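Okay, here's what each chain looks like letter by letter:
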Amino acid sequence: MNAGILILAATTRFVIPPSAATGHVPESPYKTWATAATNIQDAVDVAVNGDTVLVRSGAYPLTAPISFTKQIDLRSVAGEGTLDDPLDRDGTILDGGNACQVLNIAASGTPMTIRGFTIRNGKVSGDGCKGGGVYLAGGPNRWVVLSDSIIENCRAEGNGAMGGGIHLYNIAGVTNCIIRNNFCTGLGGGVYADGNAVINNWPEVSPRDQLAGHTALLGNILAGCEVYGNTADDTGYETAAAGCAVASSTMRPLHFIDCRFNGNHLRTNTEGTPYGVIGKVRSVFSVEDCEISGNDLLPGSEQPRDMGIAHEYQNQLRVSDTRIVANVGGKYNLLMVGTGDATECLTSICVTGNQSTAAAVMVSCSLRNALIADNAAIGLCAGQTPGAKNFVFENCTITGNGSYGLEIYALPTFVNCIFSGNGKDDKIALDRDRTLAATNCLFATTAFETGPNTSGGTRKITLALDDWSAANLGVDPKFLNAAASEYGLARKSPCRDVGCALPWHDGALDLAGNPRVINDIVDVGCFEGLRIPAPGIILLIR
């Protein structure tokens, strides 16, 4: 041991619920169940860095938030268990009684963890209030992670309120949590994320690996969470509500991994307010293996700009393996406004059955392996970043949409895509004169007309088709069963084994999770046709 350095062994502090405290005499520093605290804050106050505060299952009514800045582990356990026993999330209840916030944590080091609680009935009020149930704040090399918990029935009420359930500041993580039935009159019915330092470079270590402890957290992360039944509703308040599931204006990175955002609700008093469901402006933003479905507008709401996922104003946006399905309202369901830089990419995206008013997808970044189908409005708006021309659409299937399949603002290129079976007789909508290149693409038609989102005037398109695209213009792509929204390729589809090889195909999967290249040559569209034996006699020989 080095001289002058004192190393203290970690200590466990014990807490029992008030309901079990009859005849019990707590004795600080609460190192046994026999001397356990009956108030969580008391045990936290005597704990030191490295300690664990072990909370026995039961109900803990609060009159003030549990608050600390120490580097400790706050966790639940069933009965008078040990650190080796499992958490008791459902049986350990921290209740704000609709009178106070439940947790207010500012990280002083790492790791700081809160694990295995039901956090309910928290409330904050007043203009600019933050985190009805939980407020978590961190910074470089100091962060806090809330995991394996339920955050429910919490409220943030006031003009510009932020985070009905949770408010994250700078660097914090929420993992394996259920965030449900919370309410905010401003931004983020479920969660609001904030921060004060711009980071525009994609991290060397992925967000998933950051959370696994391979490096320091660099921003706010939600992973393995279910976010449902939350509401952002500004009725009676001046400022607009946004982000019924999650809202963010943070300059810090924000990442979603393996999350589900279902059945959240928005009512906003401002037409075109951004971020109906989850949204972010500035800095690094990613969504991986997530689902956004069944979110809607409450009666009397104005139309927000989007009802799905939105990101604007900066580069370094990435979305992969994500479904945006059956959301109601908003102009768009996937709004990704980047710089047109080729490094920005949306991969393996399914956007289907949404009821937006302008277009299902509006992007000015590269899009590959995507299905955009059966939406009420336009399928794909390509552009919005003026003059952007170095992004591409690769192996996308755009079909069954109620309006145009494609509306062109910018100058992307198309490779291995299908545009067929959309409304407006499959015409292409334009905002100005365009010259576009397409390789190995199946278009129902090259006919065009002035788009619905333009100021009028004469428009024309020059669509440079390669030989295969020209030969297959207007040909039926032969989906498996378009009437049943089965958009894989039938055996006799002209789109099988005719695509253009691209670098990313090697080792990649199609949208259904099958190998992207099955028979040496990639297929056109987002699905690779499986090789099914032709009908005939099968002999079984034993």
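Residues numbered from 1 in each chain as written. Predicted model: local features only at pLDDT ≥ 70, side-chain atom pairs only at ≥ 80, totals over all residues. Heavy atoms only, no water.

### Regarding the overall build of the protein chain
We apply this condition: The helix count covers DSSP runs of H or I at least four residues long, the strand count covers runs of E at least two residues long, and both are numbered beginning at the N terminus. Relative accessibility thresholds used throughout: buried, under 20% of the residue-type maximum; exposed, over 50%; partly exposed, between the two (1.4 Å probe, protein chains only). Contacts are assigned to residue pairs with any non-hydrogen atoms lying within 4.5 Å of each other. Where accessible areas are quoted, they stem from the Shrake-Rupley method and a 1.4 Å probe; at the residue level, only the protein chains shown are allowed to cover.
Within the protein chain one finds three helices and 49 strands. Expressed as a percentage of the 542 residues in the protein chain, the buried residues total 56%. Within the protein chain, counting contacts between residues at least 6 apart in sequence, those at least 24 apart form 69% of the total. When the accessible area of the protein chain is evaluated, it comes to approximately 20800 Å², of which 51% is carbon and sulfur surface.

### A few points about the side chain of S420
Residue placement: S420 occurs in the loop between β42 (418–419) and β43 (428–430). For S420, the contacting residues outside a window of four places in its chain are I398, T399, G400, D426, L442, A444 and P477.

### As for the sheet that holds strand β22 (residues 231–233)
As a general point, the strands of a sheet are linked pairwise by backbone hydrogen bonds and lie either parallel or antiparallel. Rules: Two strands form a pair only when DSSP identifies at least two bridges running between them.
The parallel open sheet is built from six strands, whose spatial order is β10-β14-β18-β22-β26-β30. Looking at strand neighbours, the two that pair on one side only are β10 (123–125) and β30 (296–297), the edges of this open sheet. Where β10 and strand β14 (residues 155–157) come together, three bridges link them in parallel fashion. Counterpart to V124 in the pairing with β14 is A156.

### Points about the packing of aromatic side chains
Stated precisely, the cut-off is as follows: Paired rings are identified among Phe, Tyr and Trp, the last through its six-membered ring, by centres lying within 6.5 Å, and are further divided according to the angle between planes into stacked (under 30 degrees), edge-to-face (over 60) and tilted (the rest).
Applying the stated criterion to the full structure yields eight aromatic pairs. On the numbers, 5.4 Å between centres and 90° between planes, the contact of F256 with F261 is edge-to-face. Considered together, F256 and F261 belong to a single accessibility category, that of buried residues. A ring pair is formed by F479 and Y487, whose centres lie 5.2 Å apart and whose planes are at 80°; its orientation type is edge-to-face. A single burial state applies to F479 and to Y487, both of which are buried. A connected cluster of aromatic rings, assembled from ring pairs, spans F393, F414, F419 and F443.

### Let's talk about the environment of L94
Relative to the assigned elements, L94 resides in strand β6 (residues 92–95). It is 7.0 Å that separates the C-alpha atoms of L94 and F117, two residues lying 23 residues apart in sequence. Setting aside residues no more than four positions away along its own chain, L94 makes contact with I40, Y60, L62, I66, V102, L103, F117, T118, I119 and R120.

### Some words on the pattern of salt bridges
Heads up, the condition is: The term salt bridge refers to a side-chain nitrogen of Lys or Arg lying within 4 Å of a carboxyl oxygen of Asp or Glu.
Tallied over the full model, the rule gives 16 salt bridges. For E152, the salt bridge goes to R120, with nearest N and O atoms at 2.8 Å. Taken as a pair, E152 in strand β13 (residues 150–152) and R120 in strand β9 (residues 118–120) lie far apart in primary sequence, 32 residues in all. Taking the relative accessible area as the measure of exposure, E152 reaches 6% and is therefore buried. Each of R208, D258, E288 and D289 takes part in salt bridges that share partners, so that together they form one network.

### Concerning unusual backbone geometry
With omega at 15°, the peptide bond leading from S28 into P29 counts as cis. The residue P29 is located in the loop between β1 (12–15) and α1 (40–46) in this model. Despite not being glycine, D148 shows a phi value in the positive range, around 50°. With respect to the helices, strands and loops of the structure, D148 is situated in the loop between β12 (144–147) and β13. One non-glycine residue, D497, lies in positive phi territory at about 60°. Tracing the sequence through the fold places D497 in the segment after β49 (486–489).

### So, the state of the cysteines
Here is the rule we go by: Defined by distance alone, a disulfide is two cysteine sulfur atoms within 2.5 Å.
One pass over the structure, following the stated rule, counts zero disulfides. C225 supplies the cysteine sulfur nearest to C259, a cysteine that is in no disulfide, at a spacing of 4.7 Å.

### Section: the environment of T347
Checked against the element boundaries, T347 lands in strand β34 (residues 345–352). For T347, a relative accessible area of 23% gives the class partly exposed. In this structure T347 touches V319, S320, D321 and R368, once residues within four positions along its chain are discounted.

### Some thoughts on the environment of L136
Here L136 shows up in strand β11 (residues 134–137). When its relative accessible area of 0% is taken as the criterion, L136 is described as buried. L136 sits 30 residues away from A106 along the chain, and the two C-alpha atoms are 6.0 Å apart. Those residues in contact with L136 that lie beyond four places of it in its chain are I105, I114, V144, L146, H167, L168, Y169, A172, G173 and V174.

### Things to note about the confidence of the model for the protein chain
Just so we agree on the cut-off: Note: pLDDT gives the predictor's confidence per residue, expressed from 0 to 100.
In this model, the protein chain carries an average pLDDT of 87, and 87% of its residues clear a pLDDT of 70 or more. In the predicted structure, residues 1–7 sits below a pLDDT of 50 and forms zero contacts with residues beyond four places in sequence or in another chain. Contacts for the low-pLDDT stretch residues 533–542, under 50 throughout, to residues beyond four places or in other chains number three contacts.

### Re the pairing of strand β32 (residues 317–325)
Two strands pair when backbone bridges link them, and strand β28 (residues 285–288) and β32 are joined in this way by four bridges, in the parallel orientation. In the strand pairing of β32, S286 is matched with R318. Bridging between strand β29 (residues 291–293) and β32 involves three bridges; their strand directions are parallel. Considered in β32, the bridge of E291 is made with R323. Two elements, β32 and β34, share seven bridges in a ladder whose sense is parallel. Across the sheet, residue R318 finds its bridge partner in β34, namely C345.

### As for the pairing of strand β7 (residues 103–106)
Look at any regular strand and the pattern is simple: side chains alternate between the two faces of the sheet. Alternating positions in β7 separate cleanly, L103 and I105 being buried on one face and N104 and A106 remaining unburied on the opposite face. Taken together, the three bridges between strand β4 (residues 66–68) and β7 define a ladder with parallel strand orientation. Its bridge partner lying in β7, F68 is registered against I105.

### Some points on the side chain of D233
This is how it is decided: As used in this structure description, the phrase polar contact means that two N or O atoms lie within 3.5 Å; if the pair is within protein, one of them must be able to donate a hydrogen and the other to accept it, and residues adjacent in sequence are counted only when both atoms belong to side chains.
Structurally, D233 is set in strand β22. A distance of 2.7 Å separates polar atoms of two side chains, one belonging to D233 and the other to R267. If we skip the residues at most four places from it in the chain, D233 touches F183, C184, T185, A241, R267 and L298.

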